[in-house]
Amino acid sequence: MLSVRPLVLRQAQRVNFTYLLSLLLFGLPVAAQTGSVTITSPANNSTSPSAVLITAYASNEPSSFDHYEIWDTNSGESAYKLGTVPKTSNPNAVFVLPNGAHSLTVEAVTAAGGSGGILNSATVTFNVAESCSDSSTVQCDMDQLGIQNPESNCNPSDTLDEWVGNPCGAGGNTGIGVSITHPSVSTPIPDAGNLTLNGHSPLQLSITPDQSYSNVIFGAYSPTTTGSTTDSHWTLDEYVYLPNPSYNQALELDIYYVSPDGVWTTFTTECAFIYNNGPGYWAVYDGGSNWAFLDGSPGVPKVPCLTSQFATPWANSGDPSFTGWHHVVWKFVRNTNGSVTYTSLQFDGTLYNLNYTPTQETAGNGGNLGYFASMVQLDSTANMSEDPQVYVSELNITHTP
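In this text the structure is predicted, and so the values were computed from the model without any measurement. (Residues numbered from 1 in each chain as written. Predicted model: local features only at pLDDT ≥ 70, side-chain atom pairs only at ≥ 80, totals over all residues. Heavy atoms only, no water.)

1. Digging into the overall build of the chain
Rule in force here: Runs of E in the DSSP output that reach at least two residues are strands. Runs of H or I that reach at least four are helices, and both are numbered from the N terminus. Under the scheme applied here, a residue whose accessible area is under 20% of the maximum for its type counts as buried, over 50% as exposed, and between as partly exposed, the area being computed with a 1.4 Å probe on protein chains only. Contacts: residue pairs with any heavy atoms within 4.5 Å of one another. All accessibility values rest on the Shrake-Rupley procedure with a 1.4 Å probe; residue burial counts only the protein chains present in the view.
In terms of regular secondary structure, the chain is built from two helices and 24 strands. Going through the 401 residues of the chain one by one, you find that 47% of them count as buried. Residue pairs in contact within the chain that sit at least 24 positions apart in sequence constitute 67% of those at least 6 positions apart. Here the chain has roughly 18,300 Å² of accessible surface; of this, 52% comes from carbon and sulfur atoms.

2. Quick notes on the pattern of salt bridges
As a reminder, the rule being used: Only one rule defines a salt bridge in this text: a Lys or Arg side-chain nitrogen within 4 Å of an Asp or Glu carboxyl oxygen.
Here the structure, examined in full by the defined rule, presents one salt bridge. A salt bridge links lysine 81 to glutamate 69; the nearest nitrogen and oxygen atoms lie 3.7 Å apart. You can see lysine 81 sitting in strand β5 (residues 80–86) and its partner glutamate 69 sitting in strand β4 (residues 65–74), a full twelve residues away along the chain. Given a relative accessible area of 21%, lysine 81 falls into the partly exposed group. For glutamate 69, a relative accessible area of 9% puts it in the buried group.

3. Things to note about the packing of aromatic side chains
Stated formally: Between the rings of Phe, Tyr and Trp (Trp by its six-membered ring), a pair exists once the centres lie within 6.5 Å; its type follows the angle of the planes, with under 30 degrees stacked, over 60 edge-to-face, and the other angles tilted.
A full pass over the atoms with the stated rule returns 19 aromatic pairs. Plain terms: the ring middles of tryptophan 282 and tryptophan 330 are 5.7 Å apart, the flat faces sit at 75° to each other, and that makes the pair edge-to-face. Pair noted here: tryptophan 282 is in strand β18 (residues 281–285) and tryptophan 330 is in strand β20 (residues 326–334), with a separation of 48 residues, a long-range link. Of the two residues examined, tryptophan 282 and tryptophan 330, each falls in the buried class.

4. Brief notes about the state of the cysteines
Note the cut-off: For the purposes of this analysis, a disulfide is any pair of cysteine sulfur atoms at a distance within 2.5 Å.
Summed over all chains, the structure comprises three disulfides. The partner cysteine of cysteine 132 in its disulfide is cysteine 140, sulfur to sulfur 2.0 Å. Measuring handedness by torsion sign, the sulfur bridge of cysteine 132 and cysteine 140 sits at about -90° and is left-handed. We classify cysteine 140 as buried; its relative accessible area is 9%.

5. Here's the deal with the sheet that holds strand β6 (residues 92–96)
Operational definition: When DSSP finds two or more bridges between two strands, those strands count as paired. Here an axis means a line fitted to C-alpha atoms, over the contact stretch when the element is a helix, while the angle between two N-to-C directions is reported on a 0 to 180 degree scale.
Read across the open sheet, the three strands follow the order β1-β3-β6; overall the sheet is antiparallel. Strands with a single pairing partner mark the edges of an open sheet, and in this sheet they are β1 (36–41) and β6. Within the sheet, the average angular offset between the axes of one strand and its neighbour, ignoring direction, is 30°. Judged from the five bridges that link them, strand β3 (residues 51–59) and β6 form a sheet pairing that is antiparallel. Each residue of the ladder has a partner; that of alanine 51, found in β6, is valine 96.

6. Considerations on unusual backbone geometry
Most peptide bonds take the trans configuration, and most residues that are not glycine carry a negative phi. Following serine 41, the chain continues into proline 42 via a peptide bond in cis, with omega recorded as 0°. If you trace the backbone, proline 42 turns up in the loop between β1 and β2 (46–48). For asparagine 60, which is not glycine, the phi torsion reads 55° and is therefore positive. Its place among the elements puts asparagine 60 in the loop between β3 and β4. The class for asparagine 60 is exposed, based on a relative accessible area of 52%. A positive phi angle, close to 50°, is found at asparagine 276, a residue other than glycine. Take asparagine 276: it is sitting in the loop between β17 (264–272) and β18.

7. Points about the pairing of β17
Burial analysis of β17 places eight of its nine residues in the buried class, the great majority of the element. In this structure, the hairpin formed by strand β16 (residues 248–258) and β17 is closed by a connection of five residues, where glycine 262 is found at a positive phi of approximately 90°. In this sheet, β18 lies alongside β17 in antiparallel orientation, the contact comprising four bridges. Its bridge partner lying in β18, alanine 272 is registered against tyrosine 281.

8. Considering the sheet that holds β4
The strand order β2-β8-β7-β4-β5 describes an open sheet built from five strands, whose pairing is mixed. The open sheet has two edge strands, β2 and β5, and neither has a second partner. Along the sheet, successive strands turn relative to each other by an average axial angle of 30°, direction set aside. Relative to strand β8 (residues 118–128), β2 runs parallel, the two sharing three bridges.

9. Observations concerning the environment of glutamate 77
By secondary structure assignment, the location of glutamate 77 is in the loop between β4 and β5. Judged by its relative accessible area of 31%, glutamate 77 is partly exposed. Residues glutamate 77 and aspartate 191 lie 114 residues apart in sequence; the distance between their C-alpha atoms is 8.3 Å. Other than its neighbours up to four places away in sequence, glutamate 77 contacts Pro188 and Pro190.

10. With respect to the nonpolar core
Heads up, the condition is: Among buried residues, those of type Ala, Val, Leu, Ile, Met, Phe, Trp, Tyr and Cys that are joined through side-chain atoms within 4.5 Å constitute a nonpolar core.
The biggest cluster of nonpolar side chains holds 47 residues, and the ones touching the most others in it are Trp282 and Trp330. Phe95, Val106, Phe126 and Val128 belong to the second largest nonpolar core, which has 21 residues in total.

11. Considering the environment of proline 304
The topology assignment puts proline 304 in the loop between β19 (291–293) and α2 (307–311). Among all residues touching proline 304, those that are not within four sequence positions of it are Gly280, Tyr281, Trp282, Gln309 and Tyr352.

Printed below as a string of structure tokens:
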């Protein structure tokens, strides 16, 4: 019997050890799950154009989670708060940021805010760089063309690849002061208060109106042409900054083109901030002297264009004191008779598919064959004591058959 006892004891000890191990593995309380923040755009180590899509979401955050904060550090500058987004709406907006290396952080924050209120955060690094390259179908950075001296000319030459203001059109006044400059800029480029996106001095256009309604159309012909090919598909891609949109009655952004057979077409768009004494809309030219306002009337798309859209830099934001840059992309189709179909408009990441052809007269004739130009028109409100102005950067035009 004595020879059996050690075996029984060892079996009992083995059972007890297994039981204790099971307590250790399954009997202890499970640690509470912790939350997290995930940035889904931009991707880490990616390259983006100046219009950067920022998207993120938080998971498993406690009830104290109140809002997101979006911070960016550009080229060694101090961190800058791009905006605040309530927890009920995940960050999902386009932020216009200058060229350079960026470090983006999205935080899940309590109502108390501050460093003590950060529950979780995520960070990605990415680069902002221009994606435009000159070619036979692309003319980049037309904002960087020269300035004609004098800056005002009622009959500018079709062959000049320089910016000039024409105050002599319909509703204009030859006494209007015209100013075209390339303000000097410095680097590195901060997120806040910058007047450049790519390190080049922007195009600054301004007018000094009298006390009545005034307008000036600014234009510059491209140093290249379409040659002997009639191009039908056009894209106008540019960034604009209005220091004070309330000084502007409207902002017009256009392309002018003379086909090889001498038929000219204007791809003409306008943000009409003031429309029938109410909220504004984008408008397109419908031939003759008429505008088709995209106000949602029967058969017409609805595309608002409000002062607040230019005064507030980004959706779900409100923190930055600097109004900032805005990205405008128009796509057009030139029809065989020279009229225009307005294909789409993209404003700060919001895409409006239009495919709208207004009642259009046959386009006019004349000009130098194959030439095209970029045009910007400033319209002042009546009794305005301040000068309407606009900064333009990264103005690119694409044209294909």
